[in-house]
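Take a look at the letters that make up each chain.
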Amino acid sequence: MEEQSTSAAPQNQDEGVGRRGFVTGALAAAGAAGLGGPASASRASRARRKRAPGRRVAVFGGGMGGLTVAHELIERGFEVTVYERKAWGGKCRSMPFTGTATGGRQDLPAEHGFRFFPGFYQNLPDTMERVPRPGGGTLKDNFVDGKEVSAFYNGTKMVLPAHGSIVGTLSPGSLLTFLSTAVKVIGNVPAWEVAYFLEKMIVFVTSGPQRRLKQWENMSFADYVKVKGKSKRYNELLVDMFTSTLVAAKPDKANAHTMGLMAEAWVYSTLGLGGYGAPDRLLNAPTNEALIDPWMDHLRALGVDFQIGRTLTELKVAGGRISGAVLDGTQPVEADHYVLAVPLERAVPLLNADILNADPNLKALGNLTTDWMNGVMLYLKEPVDLGRGHVAYAGQPWALTSISQAQFWKKRFNRTYGDGTVNECLSIDLSAWDRKGVLHGRTAKECTPEQIIEEVLAQLRRAVPRGDRVLKDSNVHSWFIDPAITGLATPQVANDEPLLINSPSSWNFRPESTTAIPNLFLASDYVRANINLATMEGANEAGRKAANAIIDASGAGGSKARLLDLWQPPAFNGFFADDDARFAAGKPNAFDVIDPYRP
Ligand SMILES: Cc1cc2nc3c(=O)[nH]c(=O)nc-3n(C[C@H](O)[C@H](O)[C@H](O)COP(=O)(O)OP(=O)(O)OC[C@H]3O[C@@H](n4cnc5c(N)ncnc54)[C@H](O)[C@@H]3O)c2cc1C
């Protein structure tokens, strides 16, 4: 590696605010696109004037959940202010690698973690379709389809199908046949174990809603697919790869309900069912450029007031209602409705005794857990062919997944970013910070930033065929580690932005977006949502639910935000009903046979 760079530069408080003025363009485009909602500044101010009393909304947190609730409510004539402590977009933002630009280019782009928009996301795409894109079209037009999802395992590459079809009609049998073909590439795993794994997929897709919520929700995915007693390859290749590719989750920590839902939705999108898009979708530019900045410009034009560097420190309760909020320890905020759109680990300390007395159910939030998953960027002088979509590195201890960004971005990389010599951003998610690496015998938390990069490269090289030659040190221009991670290799190591884990039974502890306090609402990825996984889609759904609850609470009437559910095959309704009857009778799913193929 030649020039090494760290992410040590302090985060600009105004990060995300320094948007290039898209407002005028956004407004013009909105008018041209004939999109819903006010489409000019004068219409926006007319809308502001018309707002009825009892419609002041204070949203705390400017991530996906907070922006969504602001969007839905501003379109319906509410007066919305969003207060954000740190950076717009929250965990789904991109950020500049400060100080790397020369010659009029922009700083190298970095992400808190790469952005994956599976084809079965529906709510967030609906939001994007309602936001004009500067230059024409809508933000949904910024989606690009990944051409493949692949995994490297000890020098072999395996590719999951991007499209598939069922022979005959959709049934458990035809689905099993398709799945068997799809995982044929996984030749390293004993055949009986592959058969067992696929049978468990059929068990899930035919499970009724009761069994999903009351049985599969309460066990880990690792237990569901019985990793104990099976081969190392079964664990590393099928179970681990499957979970990390789809959701960068860990099989022993994620519950079987969440994993099953993601797997079946993935399969249906591969089969082109349910109206879903391509299984692997991403953006054609850094997330702020393609999504957050133009979205906020649109919302600002509609009248949303955005305030950065404002941290909610207290919610006050009087007479069973929120009577006011305090920012930064001193500044009072008054509104009619209060939306807590901060992540779990920030919400829990804000739930003071008065709030918990008014809504004792909120105590359950203390049972939810977070874990670390953060972005690491490798800036390469020359692109390396690792895959034409998202990639997993199976069998490597740090649960690495990546995307080679430049091939999907509309602007030529070296002309747009950095010093002109960088042609690729290999954006990596590192999801296992507590497992020892292969080079230094340390966990990622125990490594220095330089050691993390060495380890990441070593693990990629072990997974990729001819890894030493493909990923040469001399091709690495610089690197970036998510600045949310601080104090690496010291006892003070910390992560300012961990991620909710959908651990076994977590559904039981997750709240709805309404609380027993009539003017307090929740809008973040830990709120119960159909997608049932801490994602941008889940946070968007939570924002919609909070907006609908405020529409109800204010008596505003009118249309509600759409809530788009995951698709289930109507042809399986009979299986669902039968399985729930079996569940009620204490019987297993009809396809759930104990290791039928074990030799
Ligand atoms: C590395 C990584 C990769 C990921 N990849 C994907 C992916 O590919 N696809 C996907 O769908 N999801 C992905 N996710 C998950 C997704 O990013 C999150 O689930 C989603 O963005 C959460 O949105 P949110 O609004 O609930 O919370 P956040 O994004 O955390 O936003 C909450 C905001 O509240 C602010 N805040 C906190 N406390 C206060 C306070 N007291 N006052 C005011 N503001 C406050 C925070 O600064 C933050 O901006 C990924 C997550 C990580 C960590």
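Residues numbered from 1 in each chain as written. Predicted model: local features only at pLDDT ≥ 70, side-chain atom pairs only at ≥ 80, totals over all residues. Heavy atoms only, no water.

Notes on the packing of helix α5 (residues 172–182) against helix α10 (residues 256–270)
The contact between α5 and α10 brings their axes to 12 Å, and the two run at 85°. Judged by the inter-axis angle, α5 sits roughly perpendicular to α10. Mapping the contact onto sequence places Leu175, Phe178 and Leu179 in α5 and Val267, Tyr268 and Thr270 in α10. Of the residues in the contact of α5 with α10, the class split is five nonpolar, one polar and no charged. (Axes fitted to C-alpha atoms, helices over the stretch in contact; angles between N-to-C directions. Helix = DSSP H or I, 4+ residues; strand = E, 2+ residues; numbered from the N terminus. Parallel < 35°, antiparallel > 145°, perpendicular 65-115°, else oblique. Contact = heavy atoms within 4.5 Å. Nonpolar A, V, L, I, M, F, W, Y, C, P; charged D, E, K, R; others polar.)

As for the site of the ligand
Lining the immediate surroundings of the ligand are 36 residues, of which Glu84, Phe116, Tyr121, Ser524 and Asp525 lie closest. Residue Gly65 places a main-chain N or O atom 2.8 Å away from an oxygen atom belonging to the ligand. Between the ligand and Glu84, the relevant distance is 2.6 Å, taken from an oxygen atom to a side-chain nitrogen or oxygen of the residue. Alone, the ligand offers 1,000 Å² of accessible surface; in the complex the protein occludes 97% of this. Elements with a minimum of two residues in the shell around the ligand: α3 (64–74), β2 (79–84) and α18 (536–554). (Near = heavy atom within 4 Å. Polar contact = N/O pair within 3.5 Å; in protein donor to acceptor, adjacent residues only side chain to side chain. Areas by Shrake-Rupley, 256 points an atom, 1.4 Å probe, with all protein chains shown as cover.)

Considerations on the sheet that holds strand β9 (residues 305–308)
Read from one edge of the open sheet, five strands run β9-β2-β1-β13-β23, paired in parallel fashion. Taken across any chain shown, the strands that pair with only one partner, and hence form the sheet edges, are β9 and β23 (520–522). Pairwise comparison of adjacent strand axes, ignoring direction, gives a mean angle of 20° for this sheet. Sheet topology note: the strand β13 (residues 337–340)/β23 ladder contains three bridges and is parallel. Paired with Tyr338 across the two strands is Leu520, which belongs to β23. (Pairing = 2+ DSSP bridges.)

Observations concerning the nonpolar core
Of all hydrophobic cores here, the largest spans 114 residues; its most connected members are Leu175 and Phe197. Discounting chain neighbours no more than four positions away, the residues touching Leu175 are Ile166, Leu170, Ile202, Val205, Val267, Tyr268, Leu271 and Phe572. (Core = buried A, V, L, I, M, F, W, Y, C linked by side-chain atoms within 4.5 Å. Buried < 20%, exposed > 50% of the residue type's maximum accessible area, 1.4 Å probe, protein only.)

Quick notes on the environment of Gly99
With respect to the helices, strands and loops of the structure, Gly99 is situated in the loop between β3 (94–97) and β4 (108–111). The exposure class assigned to Gly99 is exposed, which follows from its relative accessible area of 69%. Gly99 sits 319 residues away from Gly418 along the chain, and the two C-alpha atoms are 8.7 Å apart.

Let's talk about the packing of aromatic side chains
On inspection of all chains with the given rule, the structure shows 21 aromatic pairs. By the ring-pair criterion, three or more aromatic residues cluster together here, those being Phe197, Trp216, Phe221, Tyr224 and Tyr234. It is Lys445 that lies over the ring of Trp372; its NZ or CZ is 4.3 Å from the centre. (Phe/Tyr/Trp six-rings, centres within 6.5 Å; stacked < 30°, edge-to-face > 60°. Lys NZ or Arg CZ within 6 Å of the ring centre and 35° of its normal.)

Quick notes on the side chain of Thr68
The residue Thr68 is located in helix α3 in this model. Take Thr68: its relative accessible area is 0%, and that puts it in the buried class. Only 2.6 Å separates the side chain of Thr68 from the backbone oxygen of Met64, close enough to count as a polar contact. For Thr68, the contacting residues outside a window of four places in its chain are Trp295, Asn540, Gly543 and Arg544.

A short note on the pairing of strand β11 (residues 321–327)
Of all seven residues that make up β11, five are buried, and the element is covered over most of its length. Count of turn residues in the strand β10 (residues 312–318)/β11 antiparallel hairpin: two residues, of which Gly319 carries a positive phi of about 60°. Pairing between β11 and strand β12 (residues 331–333): three bridges, direction antiparallel. From the neighbouring strand, Ala325 faces β12, where its bridge partner is Val333. Following β11, the chain reverses through three residues before pairing antiparallel with β12; Asp328 in that reversal takes a positive phi of roughly 50°.

Considerations on the side chain of Asp429
Here Asp429 lies in strand β18 (residues 424–430). In this structure, Asp429 is buried with no salt-bridge partner, the nearest side chain bearing the opposite charge being Arg115 at 6.5 Å. A polar contact of 3.0 Å, which involves the side chain of Asp429, links it to the backbone nitrogen of Phe114. Ignoring any residue separated from it by four or fewer positions in sequence, one finds Asp429 in contact with Gly113, Phe114, Met373, Asn374, Gly375, Ala399, Leu400 and Thr401. (Lys, Arg positive; Asp, Glu negative; His and termini not counted. Salt bridge = Lys/Arg side-chain N within 4 Å of Asp/Glu carboxyl O.)

A word on the sheet that holds β10
On the basis of which strands lie adjacent, the open sheet formed by three strands has the order β10-β11-β12 and antiparallel pairing. Because the sheet does not close on itself, it has two edges, and the strands there are β10 and β12. Averaged over all neighbouring strand pairs, the angle between strand axes comes to 30°, with direction disregarded.

A closer look at the confidence of the model for the chain
One rule of thumb: low pLDDT means the predicted coordinates there are not for detailed reading. Of the residues in the chain, 89% have a pLDDT of 70 or more, and the chain-wide mean is 89. Segment residues 1–42 is flagged for pLDDT under 50; beyond a separation of four residues in sequence, or across chains, it makes 80 contacts in the model. (pLDDT = per-residue confidence, 0-100.)

Points about the pattern of salt bridges
One pass over the structure, following the stated rule, counts 30 salt bridges. Between Arg310 and Asp328 there is a salt bridge, and its shortest N-O distance comes to 3.8 Å. Of this pair, Arg310 sits in the loop between β9 and β10 while Asp328 sits in the loop between β11 and β12; the two residues are 18 residues apart in sequence, bridging distant segments of the chain.

A few points about helix α6 (residues 191–205)
Compared with the 21 Å implied by 1.5 Å per residue over 15 residues, the 21 Å span of α6 between its first and last C-alpha is a close match. Within α6, 13 of the 15 residues are buried, which leaves the element mostly enclosed by the surrounding structure. (Expected span 1.5 Å × (residues − 1).)

Remarks on the pairing of β4
Of the two faces of β4, the one holding Leu108 and Ala110 and the one holding Pro109 and Glu111 are both buried throughout. Bridging between β3 and β4 involves four bridges; their strand directions are antiparallel. The partner of Ser94 across the bridge, within β4, is Glu111.

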